[in-house]
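The residues making up each chain are set out below.
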Amino acid sequence: MGRTKVGKPRRERPVNETHEPELPLPGWPRSHADSELTGPDEDECIVVTVHGVRHYLHATTARELQVSLEKTLVEYNALCDNAGAPRV
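Please read these numbers as outputs of a predicted model, since none were measured by experiment. (Residues numbered from 1 in each chain as written. Predicted model: local features only at pLDDT ≥ 70, side-chain atom pairs only at ≥ 80, totals over all residues. Heavy atoms only, no water.)

**Student:** Can you tell me about the overall build of the protein chain, naming the residues and giving the values?
**Tutor:** Helices and strands together make up the secondary structure of the protein chain, namely one helix and three strands. Starting at the N terminus, the α and β elements of the protein chain follow one another as β-β-β-α. Judged by the C-alpha coordinates and their principal axes, the protein chain covers about 60 × 35 × 25 Å. Counting across all 88 residues of the protein chain, residues that qualify as buried make up 11%. In the protein chain, the share of contacts with a sequence separation of at least 24, taken over all contacts with a separation of at least 6, comes to 10%. Here the protein chain displays about 8200 Å² of accessible surface, and carbon together with sulfur accounts for 56% of that area. The distance from the centre of the 11 positive side-chain charges to the centre of the 14 negative ones in the protein chain is 12 Å. (Helix = DSSP H or I, 4+ residues; strand = E, 2+ residues; numbered from the N terminus. Buried < 20%, exposed > 50% of the residue type's maximum accessible area, 1.4 Å probe, protein only. Contact = heavy atoms within 4.5 Å. Areas by Shrake-Rupley, 256 points an atom, 1.4 Å probe, with all protein chains shown as cover. Lys, Arg positive; Asp, Glu negative; His and termini not counted. Charge placed at Lys NZ, Arg CZ, Asp CG, Glu CD.)

What follows is the structure in structure tokens.
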């Protein structure tokens, strides 16, 4: 641990990992994951919020996230089919 300089604000550690809460938060599913367009004065154009952490993305990055999630959900549904579990 290093010393904090007098008068210098302390930086919070970034959130690197989140997990689903044990009980659904009020307002599920939007309280767990949501997306919206940003304002015209921001460089990025889409904000994705997961468990309260806001991620500002360019549209191309958001699109790649969508492609990746879709691929993963297809794989997940195949596992569900093999196990006789409900699909998402």
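**Student:** Mind laying out the pattern of salt bridges, listing which residues take part and the relevant values?
**Tutor:** Tallying each qualifying case throughout the model produces three salt bridges. The partner of Arg-87 in a salt bridge is Asp-81, and the shortest N-O contact between them spans 3.1 Å. Under the relative-accessibility criterion, Asp-81 is labelled partly exposed at 44%. (Salt bridge = Lys/Arg side-chain N within 4 Å of Asp/Glu carboxyl O.)

**Student:** Tell me about the pairing of strand β2 (residues 46–50), and name the residues and values.
**Tutor:** With four of its five residues buried, β2 lies for the most part within the structure. Sheet topology note: the strand β1 (residues 33–37)/β2 ladder contains five bridges and is antiparallel. Looking across to β2, one finds that Asp-34 is bridged to Thr-49. When β2 meets strand β3 (residues 53–57), the two strands line up antiparallel, connected through five bridges. Within β3, the position partnered with Val-47 by the bridge is Tyr-56. If you look at the hairpin formed by β2 and β3, you'll find two residues sitting between the two strands, and His-51 has a positive phi there, around 50 degrees. (Pairing = 2+ DSSP bridges.)

**Student:** Would you mind going over the sheet that holds β3 in detail, with residue names and values included?
**Tutor:** Spatial ordering of the open sheet is given by β1-β2-β3, a layout of three strands whose pairing is antiparallel. Lying at the two open borders of the sheet, with one neighbouring strand each, are β1 and β3. With direction set aside, neighbouring strand axes in the sheet form an average angle of 20 degrees. Contacts between helix α1 (residues 59–83) and the sheet are confined to β2 and β3, with β3 contributing the most and set at about 115 degrees to the helix. (Axes fitted to C-alpha atoms, helices over the stretch in contact; angles between N-to-C directions.)

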